[in-house]
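# Structural description and commentary
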Amino acid sequence: MGRHSDHMGVRRILLELSVGHRLAMAGALIATLIAVVAELAPFAVLFFAIEAVLETPQASTNVLVALAPWLFGGIALKYMAYGMAYLISHHAAYSIMMSTRNRLVARLDDAPLHWIHAQGAGALKQSVIQDVERMEAFIAHHTVELAAALMAPLCVTLALLWIDWRLALAALAIGPMALLASAIAMRGVGQNQDRFNHETASLNNVTVEYLRNMPVLKVFCRSASGFRLLRQRLRAYYRLTEQITRNTVPGWALFTSVLGSHLLLLLPLGAWLHTHGEIGIAEVVVAVLLGAGIFRPLLKVGRFLMEMPPIVAGIKRMAPLLALSRSKGQARLAADDAIRIELDQVRFRYGDGEVLAGISLCLEPATFNVLLGPSGSGKSTIAQLVAGLLTPTSGAVTANGVSIADLDDQERARCIALATQEVFLFSGTVRDNLLLACPEASAQEIQRAVRVAQVEMTIQALPLGYDTPLNELGARLSGGERQRLAVARALLADPAVLVLDESTAFADSLTQRAFFQALLTEYPHTTLLVVAHRLYGIEQADQILVLEAGALQKRGRHDHLMAESDYYRSLWEYEELSERWSLGGAAPAQEAVQTSDGSKLASNAMGG
Amino acid sequence: MAEVTSWGSIRRIIRQSGASTAHLGFGLALRILECCCEVLPYLLCWLWLGAVLETPVAGFSWIADPQNLALALAGLFIIQLGFAIGGRKLCFLSSYQIIAQYRLRLLERVRNMPIGVLRGRQVGHLTDLLTDDINRVESIFTHVLADLIATAGLALTTLGLLAIIEWRLALVLAAIVPLAMLVLMTSRRLFGQAVQLKHTRYKATSGMLVEFVGGLATLRLFNRSGVWLRKLDGAFSELKALSLGIETWGGGPVMLFRLIVESGLVVLFLVGGWNLLSVDYPAMVWLAFFLLSYKFLGPLLELAEYLVMLRHACQSEVKLNELWSVPLLPEPLVAKQPDGLALHFDQVSFSYGEQPVLQNVSFVVPAGSVTAVVGPSGAGKSTLLHLLARFHMPDSGAIRIGGVDLRDIGSDQLYRLISMVFQQVQLFDGSVIDNVRAGCEQASDQDVVQACKAANCDEFVARLGEGYRTRVGESGSSLSGGERQRLSIARALLKKAPLLLLDEVTASLDPRSQYAVQSSLGQLATGCSVIMIAHRLGTIRHADQILVLNEGSVAERGTHSELLERNGLYTAMWNAQLSGQ
């Protein structure tokens, strides 16, 4: 995926995205050409007007009236043509932007989750929303303006040539001078731009960091030093802007002045030619007026060059996303079979680290399985492999012998559900969120699920019950309540296999016990894989798997592990200790607590 | 959003920055002079015409010689270049200076706002304001304003020259401009509405996309991403329609404006042609208008574009101005010393927007005692702690420490007195040792390590790649929830503040971490006044006082055994936690 995107140039992306709109863009360019030609009309009219005025000032009045419609016609045609050009180009631009966004989100849907995670929601939003929005300036404005800026000098030159070739040359002579001036003006521009961008980015970063950390800094009386850092960055930024201003202004001023100095050669030459009787007054005046339009449009090219880099950068950012693809599985399972999940020699690497080093295990239909282990031992990875959110680096994760990765999306969703510690609730009501997986669930089914998930009371206590919107309120549900809601959501999907990843954040040992009891009673046919934090209730598990550093250390029932595993036993001891703890209460032991796994914790010096 | 008036915005920025505008004014004057130099070659051309047509303007007959003409033009060019360099330099430098001051003052202000403004999802909004919007405001001064004024100056100078030559025709040429302005003005409302409409949808779509990305795992799991893709596609096509609406109301009137302005020339032809003013003008007058009209009309055509750019940037200023109007935390001129550490909530009420959160809450925490706060979610428990930490200000009532109102104690002194440990631990980018040292800047490395040991951090810090020098925080290595919490406890330990606020610290940890955090908490709480939010009632059964909060008010208060005897809400909660068995 990455290798391929490197070769996908910005131009190719733009070409690919503009398929189907190229005809429209051509139309916009033709309209621009018409506008540019129409722009010459006022000069022709002025030419005739001058001739008339010079001949007989008194008789000229009729000529002026006769010329007025032509003048207005030329002006009106120009603006109509420009209007048409912009209309077409904007239509094309917004259509291209829409289809680009459609493609980007479709790719997002295909992207591997860990890739999305690494990018972050903010960066992806930037790509799909802001970066695409930036394309508008290029497609709708720059194309028309650039075309006009390049065609206008050409037309003016032709008109000048028609008047007198020497005048045309005099006007064009500004070109090399401007080029020279721009070479001076552009000296170090790239470097300055890089430094400026870098300084802007670091100022923004420091600002973001400052705002994010302010609560901590303030509470710990460090806000002054945080502010000092920000002020330093601010000062550095403005020092750089001053430096750049001083370096670039003279060159830039020279460039614009030269571009505006078209009369410098043209007028004296015109005067000289007139003195020698080679051309008339009207020719000189019209040449003077036309000369103004020869290089001015090039200023727009300069602006285009300034505005282009961020647009190009945005398109580059889209490239890896556009290059993503996923082969969707097609396999289905026999409808009535009980589902047996098997992991066979599963390895999983993430970056350089090996997360799972050859795991083999089996989840029999309708059994209660528990995964235990210290943080970082790979529990969540197993949960996500079983749920089909990850695919193993090697080895196989199968349901009734079919690789889970090969399952059709709908089939996988029917068979397996996962609830994790990181709960995502969508904006909408409590009911909308519960019914995500199963929009047709009956009232009884809902009630059963929320009762089992121990979230019934919470929902009842909400101001509108099931119809309470979660968008503002979402934040006001506690972490545990959100997790229990997610468990209820997964239960409503009524899957054959339910994976709960540290989602059993129940208030205490007792609620957790109640949860497992209810789960086993109400959903007896569901295969459970529970990654547990707290131990209460897991005594009744059919299989407890103790994971350490990506490998299975021990497996068995509670009694077996109590006898065999020091780690397992120590967990229970800690569980006991913390259950008895209370702030201000007597410490369970005044000295350092020595537990079965041989580690020490500092004395609980509570002085009760 | 408030009505955007560009001049109002510019005046506000200058006032709020407190910077001097003398340099900017001087720079702008130079830019206008530069523009005048741009008209003069055409005037020279006209004078030359006078000389060769044998109706020379007094004192300008020398100009008939092309050589003299060339010299005059070259001289003008050099003068213009001088004005251009000087004017631009002054404008840029003084603009950056003004905005630098503006930024600094605004950031200083943000620093003194209640922290509540800076928490949660508002941080993102604030970040946008203080990076993107402020950069846009900067561009008003650095890129738009000077060009706008120079362009307007050029148009006015030319019109002035024409008026001197023949004021009646100058008036005719300019007569149509008000009509063009009228088009821009009347379209402004519609344009503003279209922009507003799109802006709203744009933000909503943005939010929808973030939601989609955030919930993608869940959506895939339940095979629901197709529904969302369709929803997003619908939003994108709506954006397309709204964007075209903006172009219609933004681009269309500008085109019309230009058409009308340029038609001034047609009016001139007609008025002159029909001889409506009943005056016969000499050829020289007509030539002046033919030569100079476009130097008046041209800048006006550009002006519309600058005005649109200016208005666009001023919308950012309006948003920033809302930030300026956020009230600051009142700080005392001289901080009063609290007499003792007893804490007193006196009839405190607070509402979040329209929604009341706390109503007439009163209680006392004697120095050195432990107070627990319990209650259903949404009862206002966290808000209680946030008010005490001055994240928000109470709407009414008072919070006192040692008999002195928080407003008189002042933030600096208050934060020396309190320490907090939150459920959501905030670590900043930096090493472990930096993060803990935040508790006490003067602490030596040894003190920091000591605090980490006492908070049971030593063991997991040793496992990190670079020990205490390992970077943590947003971009740092990943720590588990329990580990992050223990670091924040170490930070609080180092601070040794006499008032300790704990917010559901041990909510969901594995047994080992949980016990480690608990024993560190024990260390931390020794000798402090403690206010602790808990939902596992077992952990607070030995508290000196338990407050039961319900729907924003204190429903019950007492020790564990007193409350059980009352047989009220607390008893119900206690039984609910027991009844699971």
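Residues numbered from 1 in each chain as written. Chains lettered and ligands numbered in written order. Predicted model: local features only at pLDDT ≥ 70, side-chain atom pairs only at ≥ 80, totals over all residues.

## A word on the domain arrangement of chain A
- One can read the domain layout of chain A as domain 1 (1-164 + 309-326), domain 2 (165-278), domain 3 (341-564) and domain 4 (565-608).
- Taking only C-alpha atoms, the centre of domain 2 of chain A and the centre of domain 3 of chain A are 58 Å apart. (Domains from an automatic or database assignment.)

## Things to note about the nonpolar core
- Counting residues in each nonpolar core, the largest one holds 367 residues, and the members touching the most others are Leu287 and Met532 of chain B.
- Looking at this core, the element that brings in the most residues is helix H5 (residues 60-110) of chain A, giving 21 residues.
- Non-local contacts of Met532 of chain B, meaning those with residues more than four positions away in its chain, are made with Leu583 of chain A together with Val370, Ala372, Val373, Leu502 and Ile540 of chain B. (Core = buried A, V, L, I, M, F, W, Y, C linked by C-beta atoms within 7 Å. Buried ≥ 20, exposed ≤ 12 C-beta atoms within 10 Å, placed from the backbone. Helix = DSSP H or I, 4+ residues; strand = E, 2+ residues; numbered from the N terminus. Contact = placed C-beta atoms within 7 Å.)

## Observations concerning the sheet that holds strand E12 (residues 553-558) of chain B
Residue and element names in this part refer to chain B.
- Pairing within the open sheet is mixed, and its six strands lie in the order E6-E9-E10-E3-E11-E12. Only two strands of the sheet have a single partner each, and these edge strands are strand E6 (418-421) and E12. Going across the sheet, the axis of each strand differs from the next one's by a mean of 20°, ignoring polarity.
- Taken together, the four bridges between strand E3 (residues 370-374) and strand E11 (residues 545-550) define a ladder with parallel strand orientation. Its bridge partner being in E11, Val374 is matched across the sheet by Val548.
- Along the sheet face, helix H17 (residues 481-495) touches E6 and strand E9 (499-503) and points at about 170° away from the line of E6. (Pairing = 2+ DSSP bridges. Axes fitted to C-alpha atoms, helices over the stretch in contact; angles between N-to-C directions.)

## Some words on the interface of chain A and chain B
- Taken residue by residue, the interface counts 135 residues in chain A and 132 residues in chain B.
- For the side of chain A that touches chain B, the element with the highest residue contribution is H5 of chain A, accounting for 25 residues.

## Brief notes about the environment of Glu247 of chain B
- Its place among the elements puts Glu247 of chain B in helix H8 (residues 225-262).
- Residue classification places Glu247 of chain B among the partly exposed positions, given that 19 C-beta atoms sit within 10 Å.

## A look at the environment of Pro330 of chain B
Residue and element names in this part refer to chain B.
- Tracing the backbone shows Pro330 in the loop between helix H10 (283-324) and strand E1 (343-352).
- A count of 12 C-beta atoms within 10 Å places Pro330 in the exposed class.
- In the structure, Pro330 is positioned 65 residues away from Leu265 in sequence and 61 Å away in space, judged by C-alpha atoms.

## Re unusual backbone geometry
- In this structure, Gln454 of chain A takes a positive phi of about 60° despite not being glycine.
- Here Gln454 of chain A is to be found in the loop between helix H18 (443-452) and helix H19 (456-461).
- Judged by the 23 C-beta atoms lying within 10 Å of it, Gln454 of chain A is buried.
- Its identity is not glycine, yet Asn223 of chain B carries a phi of approximately 55°, on the positive side.
- Structurally, Asn223 of chain B is set in the loop between helix H7 (216-221) and H8.

## Observations concerning the pairing of strand E6 (residues 416-419) of chain A
Residues and elements named next belong to chain A.
- Neither face of E6 is left uncovered, since the one carrying Ile416 and Leu418 and the one carrying Ala417 and Ala419 both have all their residues buried.
- Relative to strand E7 (residues 497-501), E6 is paired through four bridges, and the arrangement is parallel. From the neighbouring strand, Ile416 faces E7, where its bridge partner is Val497.

## Quick notes on the sheet that holds strand E3 (residues 368-372) of chain A
Residues and elements named next belong to chain A.
- Strand order across the open sheet formed by six strands is E6-E7-E8-E3-E9-E10, with mixed pairing between neighbours. Two strands bound the open sheet, and with one partner strand each, they are E6 and strand E10 (551-556). Within this sheet the neighbouring strands show an average axis-to-axis angle of 15°, counted without direction.
- Looking at chain direction, E7 and strand E8 (residues 527-531) are connected through five bridges and run parallel.

## Some details on the domain arrangement of chain B
Residue and element names in this part refer to chain B.
- Along its sequence, chain B is organised into domain 1 (6-176 + 263-324) and domain 2 (343-579).
- Relative placement of domain 1 and domain 2: their C-alpha centres are 59 Å apart.
- Counting residues at the interface gives four residues for domain 1, matched by five residues for domain 2.
- Residue classes in the side of domain 1 that touches domain 2 are distributed as two nonpolar, one polar and one charged. (Nonpolar A, V, L, I, M, F, W, Y, C, P; charged D, E, K, R; others polar.)

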